[in-house]
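Letter by letter, the chains look like this.
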Amino acid sequence: MKLIRVKADYTENKREFILFTLLTDRENKIVTDWEMFGYVVDAGEDGLYTYPFVIKATHKKEVMTLQYGADSEYAMDRVNLIQKELKVGEYFTRWVNNTDEYTYVISNIEEIIR
């Protein structure tokens, strides 16, 4: 297994991106039994905003959730990373509050621990 850091850029606004860690197996598939950490970064005109989250697989392991905490306006988003190949250039979707859909592209993958 290895621990990787993934950076994914929002396709419609290059000032927003997601940075998170994932544990992967020998086939480079996400190990879904572990909760990992990350944050959404919005470097907008008003300043830099970060939104930390815990990323984990749903009980059916079909999607992963980004859990921001009880006080957050966006308490839980979903991403379809489990179905995707973890490589630079791969696209995935983030659903916010089950209504808004955002597309991201993986721009960097860094191995942290092997």
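Position numbers for residues count from 1 along each chain, tracking the sequence in the order it is written. With the structure being a predicted model, the display of local features is reserved for residues of pLDDT at least 70 and the display and counting of side-chain atom pairs for 80 or more, all residues being used for whole-chain, interface and lining totals. As a rule here, side-chain values cover all heavy atoms of the structure and leave hydrogens and water aside.

### Notes on the pattern of salt bridges
Where charged atoms from two side chains of opposite charge approach closely, those side chains can pair. One speaks of a salt bridge when a side-chain nitrogen belonging to Lys or Arg is within 4 Å of a carboxyl oxygen belonging to Asp or Glu. Applying the stated criterion across every chain, the model contains six salt bridges. Of the charged contacts in the structure, one is a salt bridge between lysine 7 and aspartate 9, with a shortest N-O distance of 2.9 Å. Relative accessible area serves as the criterion here: at 12%, aspartate 9 is assigned to the buried category. Arginine 94 serves as the salt-bridge partner of aspartate 77, at 2.9 Å between the closest nitrogen and oxygen. With aspartate 77 in strand β6 (residues 76-79) and arginine 94 in strand β7 (residues 91-96), this residue pair connects regions lying 17 residues apart in the sequence. Each residue's exposure class comes from its accessible area (1.4 Å probe, protein chains only) as a fraction of the maximum for that residue type: buried when under 20%, exposed when over 50%, partly exposed otherwise. Counting from the N terminus, the helices are DSSP H or I runs at least four residues long and the strands are E runs at least two residues long.

### As for the side chain of aspartate 77
The class for aspartate 77 is buried, based on a relative accessible area of 0%. Only 2.9 Å separates the side chain of aspartate 77 from the side chain of tyrosine 68, close enough to count as a polar contact. Whenever a nitrogen or oxygen atom comes within 3.5 Å of another N or O atom, the pair is scored as a polar contact, on the condition that within protein one atom can donate a hydrogen and the other can accept it, and that pairs from neighbouring residues in sequence are kept only if both atoms are in side chains. Reaching out from aspartate 77, the side chain makes a polar contact with the side chain of arginine 94 at a distance of 2.9 Å. Residues count as neighbours in contact if any of their non-hydrogen atoms are within 4.5 Å of one another. Discounting chain neighbours no more than four positions away, the residues touching aspartate 77 are Met64, Thr65, Leu66, Tyr68, Arg94, Trp95, Val96 and Asn97.

### Here's the deal with the nonpolar core
Judged by nonpolar contacts, the single largest core of 24 residues is most densely connected at Phe20, Leu22, Phe53, Ile55, Leu81 and Phe92. Mapped by element, the contributors of at least two residues to this core are β1 (2-10), β2 (16-24), β3 (36-44), β4 (47-57), β5 (64-67) and β8 (100-113). The contacts of leucine 22, once residues within four sequence positions are left out, are Lys2, Leu3, Ile4, Val6, Ile30, Met36, Ile55, Met64 and Leu86. Definition used in this section: a nonpolar core is a set of buried Ala, Val, Leu, Ile, Met, Phe, Trp, Tyr and Cys residues joined via side-chain atoms within 4.5 Å.

### Points about the side chain of threonine 24
Within the secondary structure, threonine 24 is located in strand β2. Setting aside its immediate chain neighbours within four residues, threonine 24 contacts Met1, Lys2, Ile4, Lys29, Ile30, Val31 and Leu86.

### With respect to the confidence of the model for the protein
With 95% of its residues at a pLDDT of 70 or more, the protein has an overall mean of 87. The predictor rates its confidence in each residue with pLDDT, a number between 0 and 100. Mean pLDDT values over the elements of the protein span from 86, in β6, up to 95, in β1.

### With respect to the sheet that holds β3
By definition, two strands form a pair when at least two bridges between them are found by DSSP. Reading around the barrel, the eight strands line up as β1-β2-β3-β4-β5-β6-β7-β8 and close back on themselves, with antiparallel pairing between neighbours. Strand-to-strand twist of the sheet, defined as the mean angle between neighbouring strand axes without regard to direction, takes the value 30°. Examined bridge by bridge, β4 and β5 share four bridges and lie antiparallel to one another. Of the residues in β5, the one forming a bridge with lysine 56 is threonine 65. Note on method: axes are straight lines fitted to C-alpha atoms, helices fitted across the in-contact stretch only, with angles between N-to-C directions ranging 0 to 180 degrees.

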